[in-house]
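Descriptive analysis of the structure
Single-letter residue listing:
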Amino acid sequence: MVGSRRVIALVLVVASASWCLALDTLSYVDPLIGTYGFIEGLIELPPGPQTPFGLVRVGPDTCETQDCVNVASRHNGGYWWGDSNIRTISHLHTVGAGIIDYGTIGVMPMNHIPTSDDLLAFGFHSNFSHATETVEAGYYAVTLETPNVRAELTASDYVGVHRYTFLSDASTEKVILFDTAYTLRTLSGCADASTTIDVKNNEISGWVLEMGELSERFGGFTTYFVATFSSKFTSHGVWDGFMIRPFETTSSGCGREQFNSTGAYVAFSSSIVEVYVGISSISVEQARTNLQQVQNMNFDQVRSQTQELWQDKLNEIEIEGNETNKVKFYTALYHTLLAPTTFSELGGYYMGFDMQVHSLPSSQDRYLSDLSIWDTFRTQGPWLAILEPEIARDTVRSIILQFQQGGSLPKWPLAYGYTGCMVGNHAIILIVDAWKKGITDFDTNAAYTGMKYAATETMEYDTRIDVEDWISLGYIPYDVATKGASLTLDYSYDDWALSTFAQDIGKYEDATMFSLRGKNYKNVWNSEFQFFCPKTKDGVWECPKTEAGWLDPFDWRYTEGDAWHYRFFVPYDVEGLIELFGSNDTYVQQLEIFMEKSQRDPLTAMPNSYFWAGNEHNMASPFLFNNAGRPDLTQKHVRWVLDNRFDTSPGGLPGNEDYGTVSAWFTFAALGFFPMAGSSTYFLSSPLFDKATIHAPSGDITILAYNNSATNIYVEAFYINGVKWASPFFDHSDITGTTTLEFYMSPTPQSL
């Protein structure tokens with residue numbers, strides 16, 4: 001169980017030296033990459049510290065103006081690099097999800113006892129400058145100019161650890177405020193809250209029931225907390241709305257009117273105060289138990305411990321290349337290990353989808369949630385299957401538990417609830433992908449029951465749209481769902497993956513049935529236009545009417561994309577797709593147009609109407625030249641995307657990170673191969689580095705690229721363990737065990 005094991009595993013080290021040693025690796029990680037962007041190019045990553053896959057993501061929530069009124073969507077991750085104010089420091093954050101949720105339990109130092117004015121529109125916020133920020137994996141620090149306080153943050157799995165150094169003279173008040181009712185969804189995020197000060201035990205505790213844009217869909221998520229301090233507080237008080245109540249110890253409710261809130265404050269005589277905030281999704285008592293993870297530790301020791309964890313994770317891959325590409329790669333690697341989120345707490349307890357507290361099965365290390373499956377099944381899930389197979393295994397086991405306890409197979413589970421977010425039943429592909437990569441130690445019967453149920457029945461939650469027509473017509477009609485064409489593509493992919501799993505476990509009749517449904521994508525192919533288009537129950541096509549319509553990324557006919565984005569979304573049956581195009585040459589020509597024209601748009605603020613590197617359903621597209629005998633075009637376009645759509649600026653990713661999805665695209669592509677999700681197959685591409693070594697649990701994978709350069713981007717020859725490969729594909733079994741992949745690079749296109 002992760003809780004009890006991690007307490008043992010997180011051994012204390014000498015704080016004065018160990019975190020300095022970690023910087024040699026950590027210096028290539030820049031958590032500010034991914035904290036900027038505009039409109040559709042917002043990346044929305046929180047830069048604050050956390051452990052790998054940790055529950056607590058403690059960090060600053062910023063605001064743009066002195067009144068701290070934010071532009072919608074810029075602050076879904078709490079922090080936006082273009083801001084100059086910090087309104088509070090909260091403890092839970094989503095990971096580039098493109099939707100606002102969490103941001104609970106706000107903490108902020110002040111240089112005076114709060115007044116009513118401080119409680120209006122985050123009057124306790126502070127100016128800050130990026131020049132004073134230090135941002136590392138596992139550590140964040142900034143000078144809060146308004147109260148003149150140096151704020152430092154680190155975290156364990158369940159505890160946010162703060163250190164506040166009050167820089168003004170000794171006569172200045174030293175106050176720490178707890179905004180219990182705070183959530184990122186400012187006006188409507190709090191449904192209820194409670195705060196209690198325990199003067200005798202020098203502690204503050206409480207909870208907030210928050211209604212984020214995802215969590216409100218299952219009745220809200222409650223964050224419980226217990227905070228302790230390194231020094232005894234000398235004064236205290238609470239507030240409700242605008243009413244300050246010195247020396248009282250309880251407050252309740254949300255007090256949302258005019259951006260005010262409810263909470264508590266404590267004052268100190270010491271100029272340096274460390275704050276330990278235990279977080280739980282179960283209860284206040286469990287939050288207090290979770291504090292044991294940092295028991296008898298100070299700030300530096302927790303920081304050292306967490307940064308050593310990150311150093312160990314980053315050392316799982318060694319690369320040789322230029323410094324800029326190392327920053328891009330190691331930051332991307334860091335991003336891929338932020339989530340999913342561990343919701344099993346100390347003692348192995350977790351809150352299930354039946355709203356009951358459960359004990360983690362003895363065979364399972366973690367219970368995981370916050371699964372942005374529509375995104376992650378394509379890249380981050382397969383990435384973890386190689387690098388972190390125990391996390392991939394526990395993700396599958398957690399999905400099975402969610403199905404068993406909640407009654408439906410989830411498609412975007414957050415915390416302990418179904419959100420109904422996005423489309424498809426891509427948990428099927430995520431599970432099958434793990435299975436195909438040798439991660440088989442889970443309840444296959446339960447998994448199959450859940451997957452078949454999702455594919456054939458109307459579930460209470462996260463169900464397919466119009467299961468009946470899907471089965472009888474072989475597509476989702478436009479007059480039932482306007483996005484019927486893209487839904488048909490999603491369901492076809494799911495059913496194809498399920499057919500292969502059914503075949504593997506001996507469900508041969510089901511395998512045949514689902515295999516046939518995997519061909520349903522052909523039912524929405526319009527041969528006149530050579531695009532996937534929705535059509536009605538009566539077979540009337542509803543394609544875009546103009547040339548511009550095919551390129552409208554906000555077209556209601558398609559989920560988060562346009563007709564071009566979905567035109568190649570059949571990665572599991574490219575041969576069948578080529579047949580629809582009529583010839584191999586036509587397919588290659590159209591895919592080349594899709595990639596070439598995308599390069600004309602230098603911006604990511606608005607969706608690219610052609611290949612959009614930040615949008616999920618076309619992520620595999622540049623690799624699909626391989627299936628048409630043109631691996632050189634895959635190599636050309638993948639290298640262009642690596643060089644031109646990713647950089648080391650705060651806006652250095654081409655769109656929402658979506659829980660590691662975009663960064664896992666980068667890590668795969670930079671190493672020279674890419675997964676066909678839901679299978680054991682990898683596409684070959686063009687490696688960015690001269691040498692890379694993946695220290696996978698199954699054995700080291702060494703990748704060597706000879707004569708590699710910015711111009712030598714084409715693969716002239718490829719070898720696996722000394723055997724020359726005649727195909728731009730290989731199987732997961734080919735890299736299980738100690739493996740060497742050798743790329744011989746050339747400046748001119750080659751055929752393998």
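These lines cover the structure that appears in this document, whether it is placed above or below.

Each value, and the rule that gives it
- Residues numbered from 1 in each chain as written.
- Predicted model: local features only at pLDDT ≥ 70, side-chain atom pairs only at ≥ 80, totals over all residues.
- Heavy atoms only, no water.
- Salt bridge = Lys/Arg side-chain N within 4 Å of Asp/Glu carboxyl O.
- Helix = DSSP H or I, 4+ residues; strand = E, 2+ residues; numbered from the N terminus.
- Buried < 20%, exposed > 50% of the residue type's maximum accessible area, 1.4 Å probe, protein only.
- 1 Å grid on protein atoms, 1.4 Å probe; cavity = no way out; pocket = protein on both sides within 12 Å on 5 of 7 lines; lining within 4 Å.
- Points joined across faces, edges and corners; volume = space filled by probe spheres on them.
- Nonpolar A, V, L, I, M, F, W, Y, C, P; charged D, E, K, R; others polar.
- Pairing = 2+ DSSP bridges.
- Axes fitted to C-alpha atoms, helices over the stretch in contact; angles between N-to-C directions.
- Contact = heavy atoms within 4.5 Å.

In this section: the pattern of salt bridges. This structure, assessed with the given rule, holds 28 salt bridges. Across the pair Glu 248 and Arg 245 runs a salt bridge, and its minimum N-O distance is 2.2 Å. The salt bridge partner of Asp 365 is Arg 393, with a shortest N-O separation of 3.3 Å. Here the residue Asp 365 occupies a position in the loop between strand E21 (357-359) and strand E22 (368-369), and Arg 393 occupies one in helix H8 (residues 389-406), the gap between them amounting to 28 residues. Of the two residues, Asp 365 and Arg 393, both sit in the buried class. One salt-bridge network, in which partners are shared between bridges, spans Asp 365, Arg 393, Asp 394, Arg 397 and Asp 441.

Quick look at the layout of surface pockets now. Considered as a void within the structure, the largest pocket measures approximately 470 Å³ in volume. Its residues assigned to classes, the lining of the largest pocket shows 14 nonpolar, 9 polar and 8 charged.

Once that is clear, we can look at the sheet that holds strand E11 (residues 203-210). Taken in spatial order, the 9 strands of this open sheet run E5-E6-E7-E8-E17-E12-E11-E10-E15, and their pairing is antiparallel. The open sheet has two edge strands, strand E5 (134-136) and strand E15 (250-252), and neither has a second partner. Averaged over neighbouring strand pairs, the angle between their axes works out to 15° when direction is ignored. As judged from the 8 bridges shared by E11 and strand E12 (residues 221-229), these two strands associate in the antiparallel manner. Following the sheet pairing, Leu 209 is matched in E12 by Thr 222.

With that settled, the discussion passes to the environment of Ser 663. Inspection of the secondary structure assignment puts Ser 663 in helix H19 (residues 661-671). Residue Ser 663 is classed as buried on the basis of its relative accessible area, which comes to 2%. Apart from the residues within four sequence positions on either side, Ser 663 is in contact with Ala 332, His 335, Thr 336, Leu 653 and Glu 657.

Spatial relationships are all this shows, so hold off on functional conclusions.
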